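Single-letter residue listing:
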Amino acid sequence: MASLFEKKIETLWGVGEKRAKLFNRLGVFTVGELLRFYPRTYEDYTNPVDISSAQYGEYCCVRAVLESPVVTSRISGGRLISRGRIFDESGFMTITFFNNRVIDKMLKSGREYTFYGKVTTSRGEAEMVSPMFSDVETGHRIRPVYPATAGLSSVQIESAMSQAIKLLPQEVKEPIPDWILERYDIEGLNFAIRKIHFPDNADELKKARKRLVFEELLLLSLGLRRLKSIKREETSITIKKDYSSEFYSLLPFKPTDAQLKVTSECVNDMINSTSPMNRLIQGDVGSGKTAVAAALCYTVIKNGWQAAFMAPTEILAQQHYEALSKILDGAGVRTELLIGSVTAANKRKLLDRLAKGEIDLLIGTNAIISDGVEFKALGLAVTDEQHRFGVRQRAKLISKGNKPHTLVMSATPIPRTLALIVYGDLDISIIDEFPPGRQSVSTFLIGSKKRLSMYGFIKDHLDKGLQAYIICPTVEENELNIASANEYFEKMRSEEFKGYKVGLLHGKLKAKEKDAVMRDFVDGKIQLLVATTVVEVGVDVPNAAIMAVENAERFGFSQLHQLRGRVGRGKEKSYCFLISDAHGEETLKRLKTMCRTNNGFEIADMDLKLRGPGDFFGSRQHGLPEMHIADLADMDSLCLAQCAADEIERLPNGLDSIECRGLRAEILRLFSNVGSEGMN
Ligand code: ADP
Ligand code: MG
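Residues numbered from 1 in each chain as written. Chains lettered and ligands numbered in written order. Predicted model: local features only at pLDDT ≥ 70, side-chain atom pairs only at ≥ 80, totals over all residues. Heavy atoms only, no water.

**Q** Mind showing me how you'd approach the nonpolar core here?
**A** In globular proteins that are soluble, nonpolar side chains generally tend to be buried together. Counting 63 residues, the largest nonpolar core has Leu34 and Leu35 as the members making the most contacts within it. When residues of this core are traced back to their parent elements, those giving at least two are α1 (17-25), α2 (31-35), α4 (154-167), α5 (178-183), α6 (189-195), α7 (202-230), α23 (635-649) and α24 (661-671). With 12 residues, the single largest contributor to this core is α7. Not counting chain neighbours up to four residues away, the residues in contact with Leu35 comprise Met1, Leu4, Met161, Ala164, Ile165, Leu168, Ile193 and His197. In this structure, Ile237, Ile327, Leu337 and Met409 belong to the second largest nonpolar core, which totals 42 residues. (Core = buried A, V, L, I, M, F, W, Y, C linked by side-chain atoms within 4.5 Å. Buried < 20%, exposed > 50% of the residue type's maximum accessible area, 1.4 Å probe, protein only. Helix = DSSP H or I, 4+ residues; strand = E, 2+ residues; numbered from the N terminus. Contact = heavy atoms within 4.5 Å.)

Structural data, given as C-alpha cells:
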C-alpha cells in the first residue's frame, strides 16, 4: 500500500485538477491518503424497519414499494418539488425531493426500493425529504458517508474510493506483527482498509474499525515514545549545584510544598542525568508556575549557563520580565526582554550581548526564536503557556542551544491518563496546591434580566478601588444576539458605567495598543476592562476581583476556567458571573458545574466527557499527529494500544526489530507533519 502514498489523487478517473484541489482541502493528496480518509458515518440499509415503526427525527431505512409515479410541480421561487408515496405491509410514507428533474424517471411505480433518510412528518403522515435510495437486489448494504466539503459530495468521494480500493494489491502488506494481531484479536489491514469503506454488515464494520483505531493509537503511542527517547540524547550541559533555595530566599513569599516538590523534580532531571530535562509542569491558573520556572533559570544561570523564557504575548512577557528582573537584578543575574516592539538599534545591542554571554536570562515572546537570535550557551529553555505554541516553535527554541534542558508550562489541566498520551514525549510534574490565602472565586450563573443588578454590584466594587473584567465572545457587531466587545464597550463607557474609566481590549488591536490598554489596567488607570478572550492567558492583576462573561454558553468549559483564573489572585473576595439565557440541557449542566467547582482538573474531566477531546488535542495545540479514526477519549482502546506498545518495547530490539519495519514506516508517516526531526 506504501506506493499508493506516492500516487497522486489526480490519477483516479473523474478526478481532474479542480476536484483534486477539493480533495487537497480535505488533506487528501494521494491515493494512499484517500484510503486513509475514513467515513464519518454510515447509512445502514441492512436493517430496514417497518414504516409504522419508523421514529420521527431519526435516520432510518425502510423497504417499500412506490405506489404511483412521482409527481413534480413548481413551487414559489421557481423551485421544483417532487412527491411520491411509498408503502410496506405496515403503512404509508411520503417521499419528497427538491429540484430533481430526473427523479420521476429514476423511481418506477410498483417497484420495491430501499430508502434511507431522516423521518419527519407531513400532514400527519411520515415523510422522508430527499432520501437516498437503491434497488433492493443490487443496492448498497452499508453505505459510507464521508465528511464532504463544499463542491465535493460524499457520493463523489465514495466513487473515488471504490476506484482506490481496486488499486490495492491483492494482499495489503501488514505493518503490525502477526503475534500482536492474534493476541489482541485484531483483523489485518487488508481486511480493515477495504471494509471500513464498504462493509457488508455491521460486524465487519465493527472489526475494521477496531483494527484501525488500534493501529492509530499504537502508532501514536510508539511514536511518542520514540520522540521521547530521541530527546534523551546526551547533553553536555551539566548542572552541578542546586541554587533553587537560594532563589526562593529572594522572594517575598514562602514557596508552597507543591512548588518545592516540582522544583526538586526538575533539578533532579538536570543534576543526576547526562540527558537533558524534558519536562512539563502542569498547574492550575495561579498555582505559581512562574516562580518555579524562575528558580530553575536561576539554578542554571548560577551554574554558568544562559536561560530563555518564552511567553505567548507581549504583555505576559513584559510582566514576567518586570517581576523577575526586580528580584534577579540584585542577585547579579542580567535579565533582558526581547519582544517585537524593541527598537532595531536596541535589538542589535541586545543580540550582541546575548551572543557574547553578557545576558543571563532572556525573557520574551516568540521574537526569541527568530533567526539571528543566538545564545552563547543556552542551558535551559522555558516555554510558558505551552498550549499557545506549536511543537515547531518549541523545537525552534530548543535549537537555540546544544541540547538544552527544556521546561514547558501549562495551565490547561488535562486528565492524568490523557496527559500520558498527549505529552508522551515529556515527563510531567503537577503543582497541585495554591499559595496560601487564595480564595476560590464565587461563581454565579445569571440570566440577562439580572444584568443591571450585576452592574450595580460591579460599581460597588469599583468604588472600593477594585477592578473588573467583562468578557464578550466577539469583537465586532453581528446579526446574532451575541455581545460584541466594540458595542459593549461603547455602551458601558457612555451609559452604564459613565464616569468610570472603561477600557477595551481585543485581538484586532495592534500589539502596541493592546499593550497600552493592558498596562493601563495593570496600573489601575482602567477600572473596568471590556475584552475578548485575549485576556485569557496568564496576566496577573491581583486587584481585579470580578469577571463577568457575556454569552457564557459560547465558551468552552476549560476556557471559562482559564478566564475565571484572571480573578481571585489577590486578597479580596472575588466573583465570576456567567451571563447566559441558554436553555440547552448540556450547556446548563456545563455552566452549573462551573459554579460548583474551581478545580481545573475536575472541569477538564467534565469537558472531556461533554465535548470530547477536541479541545485538548487540536493538533496545533499539542503537535500531535491528527487522529483519523481513533477517539482519544476512548480509554479502553487507549489501554489496549498502550499494552501492545509495551510488548513491542520489550522485544530484544524494541521497535527497531525487523518485524517492526512496517510499523516504523507508518510511524514516520503519521508523525511527518509534527516535527519528527531525528526520528527514524
Ligand atoms: P501561574 O501558575 O498561573 O503562572 P503565577 O506564577 O502567575 O501563576 O502566580 C500567581 C500569583 O501568585 C503571582 O502573583 C505570584 O507572585 C503569586 N505566588 C506564587 N507563588 C506564591 C507563594 N508560594 N506564595 C504566595 N504567592 C505566590
Ligand atoms: Mg503563568
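**Q** Help me out: how do you make sense of the sheet that holds strand β12 (residues 335-338) in this one?
**A** Hydrogen bonds between backbone groups are what pair the strands of a sheet, and the pairing can be parallel or antiparallel. Ordered by their spatial adjacency, seven strands build an open sheet running β12-β13-β11-β14-β15-β10-β16, and the pairing between neighbours is parallel. With partners counted over all chains shown, the strands left at the sheet margins are β12 and β16 (427-431), one partner each. Going from strand to strand, the sheet's axes swing by 20 degrees on average, the running direction of each strand aside. With four bridges joining them, strand β14 (residues 378-383) and strand β15 (residues 405-410) adopt parallel strand pairing. Bridging across to β15, Val382 finds its partner in Leu407. (Pairing = 2+ DSSP bridges. Axes fitted to C-alpha atoms, helices over the stretch in contact; angles between N-to-C directions.)

**Q** Help me understand the site of ligand 1 in this model?
**A** In the region of ligand 1, 16 residues are neighbours, and Lys254, Gly286, Lys289, Thr290 and Asp540 sit closest. Within the side chain of Gln259, an N or O atom sits 2.9 Å from a nitrogen atom of ligand 1. With respect to ligand 1, the side chain of Arg569 contributes an N or O atom lying 3.3 Å from an oxygen atom. Protein coverage of the free-state accessible area of ligand 1, which is 570 Å², stands at 82%. A class-by-class count of the residues in the shell around ligand 1 yields four nonpolar, six polar and six charged. (Near = heavy atom within 4 Å. Polar contact = N/O pair within 3.5 Å; in protein donor to acceptor, adjacent residues only side chain to side chain. Areas by Shrake-Rupley, 256 points an atom, 1.4 Å probe, with all protein chains shown as cover. Nonpolar A, V, L, I, M, F, W, Y, C, P; charged D, E, K, R; others polar.)

**Q** Sorry, what's going on with the side chain of Ser287 here?
**A** By the element assignment, Ser287 lies in the loop between β10 (278-283) and α10 (289-302). When its relative accessible area of 1% is taken as the criterion, Ser287 is described as buried. Within the structure, Ser287 has its side chain in polar contact with the backbone oxygen of Asp284 (distance 2.7 Å). Residues in contact with Ser287, not counting those within four places in the same chain, are Gln259, Ile431, Glu433, Phe434 and Pro435.

**Q** In this structure, what is going on with the confidence of the model for the chain? I would like to understand it.
**A** In low-pLDDT regions, the fine details of the predicted coordinates are not to be read closely. This prediction gives the chain a mean pLDDT of 87; 92% of its residues lie at or above 70. Every residue in residues 617-622 is under pLDDT 50, and counting partners more than four places away or in other chains gives 21 contacts. (pLDDT = per-residue confidence, 0-100.)

**Q** How should I be thinking about the domain arrangement of the chain in this particular structure?
**A** Often the size quoted for an interface is simply the accessible area lost on bringing the parts together. With domains assigned, the chain is organised as domain 1 (1-42 + 150-167), domain 2 (47-140), domain 3 (244-431) and domain 4 (442-597). Placing the centre of domain 2 and that of domain 4 at their C-alpha centroids yields a distance of 51 Å. (Domains from an automatic or database assignment.)

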